Amino acid sequence: MYENLEELKQSCIDCKKCKLCTTRQNVVFGVGNEKADIMFIGEGPGGDEDRQGEPFVGKAGQLMNKAFDVVGIKREEIYIANVVKCRPPNNRDPEEDEIKACMDYLRNQVMIIKPKIIVLLGRTALQNILGKEYKITAVRGNWIEKRGIMYLPTWHPAALLRDETKKIDFLKDLKMIKQYKEGDMK
Ligand code: URA
Ligand code: SF4
């Protein structure tokens with residue numbers, strides 16, 4: 001376990017713990033405020049992210065940025081990471097062995113950042129962080145408290161690109177975060 005993000009990032013950049021290291025262009029470690037109260041967790045890098053080494057810079061990420069603007073969430077107040085740090089070829093789902101190999105990095109990121117709120121973007125983040133028994137369609141938009149952290153599962157932004165009607169839910173969920181934070185400061 002590392003105590004600071006820079007060291008953790010360096011070990012991640014050198015990582016060859018799973019087969020995704022053979023096809024990646026860049027390791028996508030995560031970005032944002034190291035002291036963020038809110039952490040967003042996605043699934044894994046897509047093509048744009050793999051090329052640029054940054055999470056959520058492609059189409060799904062741009063849509064997420066727009067949603068942040070609408071509700072007034074600032075990029076500088078959050079941290080964004082993924083379950084797996086290297087791109088699964090052809091954007092397939094990450095496989096169990098890859099997730100298992102990679103999850104320690106994410107756990108270590110959470111340990112260092114100590115967010116109050118973790119937003120779980122889609123099924124992969126939800127089931128690997130809270131447990132396989134959770135269904136995204138059942139718990140989306142509901143706060144789940146565990147080990148002193150408030151988790152909020154919501155749709156993965158890529159799902160909004162496929163189904164416009166999910167945008168309403170997504171915005172509603174982001175507004176819940178704002179409301180929670182404002183309540184927290186009173
Ligand atoms: N989808 C993800 O889950 N993560 C990214 O970083 C980009 C797209
Ligand atoms: Fe290492 Fe994770 Fe990349 Fe696999 S996906 S090589 S475990 S950093």
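In case you missed it, the structure is sitting above this.
Residues numbered from 1 in each chain as written. Chains lettered and ligands numbered in written order. Predicted model: local features only at pLDDT ≥ 70, side-chain atom pairs only at ≥ 80, totals over all residues. Heavy atoms only, no water.

Caption draft 1: Region of interest: the packing of aromatic side chains. Evaluated as defined, the whole model comprises 2 aromatic pairs. For the ring pair Phe 40 and Phe 68, a centre distance of 5.0 Å and an interplane angle of 65° mean the geometry is edge-to-face. Residue Phe 40 is located in strand β2 (residues 38–42), and its partner Phe 68 is located in helix α3 (residues 59–71); the two are separated by 28 residues in the primary sequence. Ring centres of Trp 143 and Tyr 180 lie 5.0 Å apart, and the angle between their planes is 45°; this geometry places the pair in the tilted category. Of the two residues, Trp 143 sits in the loop between α6 (136–139) and β5 (144–146) while Tyr 180 sits in helix α8 (residues 166–185), which places them 37 residues apart along the sequence. Tyr 180 gets classed as partly exposed once you look at its relative accessible area, which sits at 29%. Sitting over the ring of Tyr 105, Lys 17 keeps its end group 4.6 Å from the ring centre. In this structure, Lys 166 is placed above the aromatic ring of Trp 155, and the distance from its NZ or CZ to the ring centre is 4.7 Å. (Phe/Tyr/Trp six-rings, centres within 6.5 Å; stacked < 30°, edge-to-face > 60°. Helix = DSSP H or I, 4+ residues; strand = E, 2+ residues; numbered from the N terminus. Buried < 20%, exposed > 50% of the residue type's maximum accessible area, 1.4 Å probe, protein only. Lys NZ or Arg CZ within 6 Å of the ring centre and 35° of its normal.)

Caption draft 2: Inspection of empty space enclosed by the protein at higher detail. Per the counting criterion, the structure on display carries 1 cavity of 30 Å³ or more. Its volume calculated, the largest cavity comes out at about 100 Å³. What lines the largest cavity is a set of 13 residues, and nearest its centre among them are Cys 15, Cys 18, Cys 86, Cys 102 and Tyr 105. It is helix α4 (residues 96–113) that provides the largest number of residues to the lining of the largest cavity, a total of 3 residues. Here the residues of the lining of the largest cavity sort into 10 nonpolar, no polar and 3 charged. (1 Å grid on protein atoms, 1.4 Å probe; cavity = no way out; pocket = protein on both sides within 12 Å on 5 of 7 lines; lining within 4 Å. Points joined across faces, edges and corners; volume = space filled by probe spheres on them. Nonpolar A, V, L, I, M, F, W, Y, C, P; charged D, E, K, R; others polar.)

Caption draft 3: Layout of the packing of helix α1 (residues 5–13) against α4. Their axes nearest at 10 Å, the elements α1 and α4 cross at an angle of 170°. Classified by the interaxial angle, the pair formed by α1 and α4 is roughly antiparallel. On the side of α1, the interface is formed by Leu 5, Leu 8, Ser 11 and Cys 12, while α4 contributes Tyr 105, Asn 108, Gln 109, Ile 112 and Ile 113. (Axes fitted to C-alpha atoms, helices over the stretch in contact; angles between N-to-C directions. Parallel < 35°, antiparallel > 145°, perpendicular 65-115°, else oblique. Contact = heavy atoms within 4.5 Å.)

Caption draft 4: Geometry of the site of ligand 1. Close to ligand 1 lie Gly 42, Glu 43, Gly 44, Glu 49, Pro 55, Phe 56, Asn 82 and His 156. Contacts to ligand 1 include Gly 44, whose backbone N or O atom sits 3.0 Å from a nitrogen atom. In the environment of ligand 1, an oxygen atom lies 2.7 Å from a nitrogen or oxygen atom belonging to the side chain of His 156. Calculation on ligand 1 without its partners gives an accessible area of 240 Å², and the protein chains cover 93% of this total. Its atoms largely coinciding with the cavity grid, ligand 1 occupies the largest pocket. Considered class by class, the residues forming the shell around ligand 1 number 2 nonpolar, 4 polar and 2 charged. (Near = heavy atom within 4 Å. Polar contact = N/O pair within 3.5 Å; in protein donor to acceptor, adjacent residues only side chain to side chain. Areas by Shrake-Rupley, 256 points an atom, 1.4 Å probe, with all protein chains shown as cover. Sits in = over half its atoms within 2 Å of the grid points.)

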